[in-house]
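Architecture at a glance
Below, each chain spelled out in residue letters.
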Amino acid sequence: MPIIGALIVALQIIFAIHAVKNGKEPIWLWIILLAPGIGCAIYFITQFGPDAAQSRTARQAKQSLVKAVDPKRELRKRTEMLAISDSVDNRIALADECIEANMFEEAIELLSEKLTPVHADDPSIMERLAFAHFCNKSPEESLRILDELISKNPDYKSTEGHLLYARSLEALDRNEEACKEYDVLRSTYAGEEARVRYGLLLKKMGRTEHAAELFQESIRRANQAPGHYRKKEKEWLQIAKQQ
């Protein structure tokens, strides 16, 4: 163990010097120092070799670790970018970060202002705004915006938007209508969330047999799917197994 500890310290020193000499972002020093083992490993994978930065796995690992060390880094960055240029793209990017940080009122403000008339009917913006209202405990407003989205963009397709519509109906206790939407999503949604949410609603409504069928369907699908699918859907599969 002392040898391993000494090796990690040596790697920290080497990588810290490398980061400073090569002008790497200051966040790397914090990663190397605060998460010595995995931090050094991620630094090696993502910062050494000509193709390191282009590796999708490396990029994802870097983003996850950076977010763990400094969860509001991207939020600050997007805020600065919007201050430099108040563009629609910058507003959307900051709104996305606000939603992830549970700053829903701020996201609503960003997505509601200065978007007319050219972008007022943009379906992707309207869908984000509806989601922000839903997360801000305003399902009635979420549903209103989604109905308006459908009216103004009849050809727009989004399973995430459809799921949000079903969830908004459920939150308003319009359960029969929600069931109809969930039933469509059962075969169109790419994942287990819609199916498991449908099962939970049916269970709440006392339709336990139908709910059990849905939970078992999710479990069977996962057992037949590749490992990466089970990993991605782990949260919903655990809920299905617990019912």
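Predicted, not measured: the structure shown is a model, and the values here were computed from it.

**A word on the layout of surface pockets**
In this structure, the second largest pocket spans a volume of roughly 330 Å³. Considering the residues around the second largest pocket, the lining is formed by 17 residues, among which Ile150, Tyr156, Lys157, Ser158 and His162 are closest to the centre. Elements supplying a minimum of two residues to the lining of the second largest pocket: α9 (139-152), α10 (159-171) and α11 (175-188). Residue classes in the lining of the second largest pocket are distributed as eight nonpolar, six polar and three charged.

**Brief notes about helix α7 (residues 104-112)**
Regarding α7, the residues found buried are Phe104, Ala107, Ile108, Leu110 and Leu111. Taken end-on, α7 shows its buried residues confined to a sector of 165 degrees, consistent with a single buried face. Looking at the buried side of α7, the elements it contacts are α5 (73-84), α6 (88-100) and α8 (123-135).

**Quick word on the packing of α5 against α6**
Two numbers describe how α5 lies on α6: the axes approach to 9 Å, and their chain directions differ by 155 degrees. Looking at the two axes, α5 sits roughly antiparallel to α6. Once α5 is placed against α6, the crossing between them reads as left-handed. Of α6, the residues touching α5 (which contributes Glu74, Leu75, Arg78, Thr79, Met81 and Leu82) are Asn90, Arg91, Ala93, Leu94, Glu97 and Cys98. Class assignment for the residues of the contact of α5 with α6 results in six nonpolar, two polar and four charged.

**Section: a nonpolar patch on the surface**
A cluster of nonpolar side chains, contributed by Val9, Ile13 and Ile17, occupies part of the molecular surface with about 260 Å² of accessible area. Looking at the secondary structure, you find Ile13 in helix α1 (residues 2-21).

**Observations concerning the nonpolar core**
In terms of nonpolar packing, the biggest core is built from 44 residues, with Tyr182 and Leu185 touching the most fellow members. The residues contacting Leu185, other than those within four sequence positions of it, are Thr159, His162, Leu163, Ala166 and Ala194.

**A look at the packing of aromatic side chains**
Applying the stated criterion to the full structure yields one aromatic pair. With centroids separated by 6.0 Å and ring planes inclined at 20 degrees, the aromatic side chains of Tyr182 and Tyr198 adopt a geometry described as stacked. One end of the pair, Tyr182, is in helix α11; the other, Tyr198, is in helix α12 (residues 193-204), and 16 residues separate them in sequence. The pair formed by Tyr182 and Tyr198 is uniform in burial state, with each residue classed as buried.

**Re the confidence of the model for the chain**
Overall, the prediction assigns the chain a mean pLDDT of 85, with 81% of residues at 70 or greater. Here residues 50-58 scores under 50 on pLDDT; set against residues more than four positions off or in separate chains, the count is nine contacts.

**Overview of unusual backbone geometry**
Of note in the backbone geometry, Asn102 takes a positive phi value of approximately 65 degrees without being a glycine. Secondary-structure assignment places Asn102 in the loop between α6 and α7. The exposed category is assigned to Asn102, whose relative accessible area is 55%. Notably, Lys137 is not glycine yet its phi reads approximately 65 degrees, a positive angle. Relative to the assigned elements, Lys137 resides in the loop between α8 and α9.

Scoring rules and cut-offs
Residues numbered from 1 in each chain as written. Predicted model: local features only at pLDDT ≥ 70, side-chain atom pairs only at ≥ 80, totals over all residues. Heavy atoms only, no water. 1 Å grid on protein atoms, 1.4 Å probe; cavity = no way out; pocket = protein on both sides within 12 Å on 5 of 7 lines; lining within 4 Å. Points joined across faces, edges and corners; volume = space filled by probe spheres on them. Helix = DSSP H or I, 4+ residues; strand = E, 2+ residues; numbered from the N terminus. Nonpolar A, V, L, I, M, F, W, Y, C, P; charged D, E, K, R; others polar. Buried < 20%, exposed > 50% of the residue type's maximum accessible area, 1.4 Å probe, protein only. Arc of directions from axis to C-beta. Contact = heavy atoms within 4.5 Å. Axes fitted to C-alpha atoms, helices over the stretch in contact; angles between N-to-C directions. Parallel < 35°, antiparallel > 145°, perpendicular 65-115°, else oblique. Left-handed = near helix turned anticlockwise from the far one by under 90°. Patch = residues over 30% accessible without salt bridge, like charges linked within 9 Å, V, L, I, M, F, W, Y side chains within 5 Å. Areas by Shrake-Rupley, 256 points an atom, 1.4 Å probe, with all protein chains shown as cover. Salt bridge = Lys/Arg side-chain N within 4 Å of Asp/Glu carboxyl O. Core = buried A, V, L, I, M, F, W, Y, C linked by side-chain atoms within 4.5 Å. Phe/Tyr/Trp six-rings, centres within 6.5 Å; stacked < 30°, edge-to-face > 60°. pLDDT = per-residue confidence, 0-100.

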